[in-house]
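# Tertiary structure, described
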Amino acid sequence: MIADRIKQVKENVRAACREAGRDEKEVTLIAVSKTKPVSLLREAYEAGIRDFGENKVQELVDKMEQLPGDIRWHMIGHLQRNKVKYIVGKVWLIHSVDSYRLAEEINREAQKKHTEANILIEVNMAQEESKFGVSPKDAPALVEEISKLPAVHIKGLMTVAPFVENAEENRCFFRKLKQLSVDIAEKNIDNVSMNILSMGMTGDYQIAAQEGAVYIRVGTGIFGERDYSV
Ligand SMILES: *Cc1c(COP(=O)(O)O)cnc(C)c1O
């Protein structure tokens, strides 16, 4: 069941890439497994998934301890500074950095552990009140500021697009995130690369793939609806 859904998502990505003239290998599927039991993650792992996304620190660490060591864990949810210590040195990529203070804490913890941390800057492209992320206007300055932290490496940008009925409505936000990354890359800031764009969820990942996503984050489309009542 999960294997079938994964296959379907990959086929959709392939079709989207073909349409956009992109190589499908440029797009990596992150299985967003928040709220789902380890047994289902194992099923996805057996179907070939090696990238998992979680949005809560405790849940991520618990699952990590129970699953194979070759999984790349992605922290995609809002991160509190007092939780940074639990994931630095363990996760592959933190997608959700939107303030200097948070980056500073990540840097401090990485230095303490004699390691380094790869991050993305989360941008609130639609400027929704309810969402985390730096505004597109403030993103370049934040990148410059964070670039000076030696144990933190900015690898690109991430966005959570609005919830819409018609995914086409989000195309403009994906396109603008791509353009923002190009604009920032042109500044050639030391210790900054803009190779990664993390964008697209179950409702709109095909559009995101067409517009240049490197990571798409798909939860419902792989694991089914989430039940928050339990
Ligand atoms: C939950 C979540 C997703 C996956 O959402 P689906 O619509 O279930 O695919 C992607 N990105 C972030 C940041 C999330 O919190």
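Residues numbered from 1 in each chain as written. Predicted model: local features only at pLDDT ≥ 70, side-chain atom pairs only at ≥ 80, totals over all residues. Heavy atoms only, no water.

In the annotation of an unreviewed UniProt entry, the entry for the chain reads Pyridoxal phosphate homeostasis protein, and the organism field reads Candidatus Acetatifactor stercoripullorum.

### So, the packing of aromatic side chains
The test is simple: Working definition: rings of Phe, Tyr and Trp (its six-membered ring) pair if their centres are within 6.5 Å, and the pair is stacked with planes under 30 degrees apart, edge-to-face with planes over 60 apart, and tilted otherwise. A positively charged side chain is recorded as over a ring if its NZ (Lys) or CZ (Arg) lies within 6 Å of the ring centre. The angle to the ring normal must also be within 35 degrees.
Overall, the coordinates contain one aromatic pair when judged by the stated rule. The positively charged end of Arg50 is found above the aromatic ring belonging to Tyr45, 3.5 Å away from the centroid.

### Quick word on the pairing of strand S2 (residues 51–54)
For clarity, the threshold we go by: Throughout, exposure labels follow a simple rule: accessible area from a 1.4 Å probe, protein chains only, divided by the maximum for the residue type, with under 20% read as buried, over 50% as exposed, and the rest as partly exposed. A run of H or I in DSSP counts as a helix once it spans at least four residues, and a run of E counts as a strand once it spans at least two, with each numbered from the N terminus. Strands qualify as paired when DSSP identifies two bridges or more between them. We call a crossover right-handed when, viewed with the strands running away from us, the connection from the first strand over the helix to the second turns clockwise.
Neither face of S2 is exposed, since Asp51 and Gly53 on one face and Phe52 and Glu54 on the opposite face are all buried. Pairing of strand S1 (residues 28–32) with S2, which is carried by two bridges, proceeds in the parallel orientation. By the bridge assignment for S2, Val32 is matched with Gly53. With helix H2 (residues 38–46) bridging S1 and the parallel S2, this β-α-β connection has right-handed handedness.

### Things to note about the UniProt feature "modified residue: N6-(pyridoxal phosphate)lysine" (unreviewed entry) in the chain
Rules: UniProt positions are given in the numbering used here, feature names are shortened, and annotations may be inferred rather than shown by experiment. In this description, contact between two residues means that some pair of their heavy atoms is separated by no more than 4.5 Å.
In the numbering used here, UniProt assigns the feature "modified residue: N6-(pyridoxal phosphate)lysine" (unreviewed entry) to Lys34. Tracing the sequence through the fold places Lys34 in the loop between S1 and H2. The exposure class assigned to Lys34 is buried, which follows from its relative accessible area of 15%. For Lys34, the residues in contact, after removing those within four places along its chain, are Gly53, Glu54, Asn55, Glu59, Lys63, Arg226 and Tyr228.

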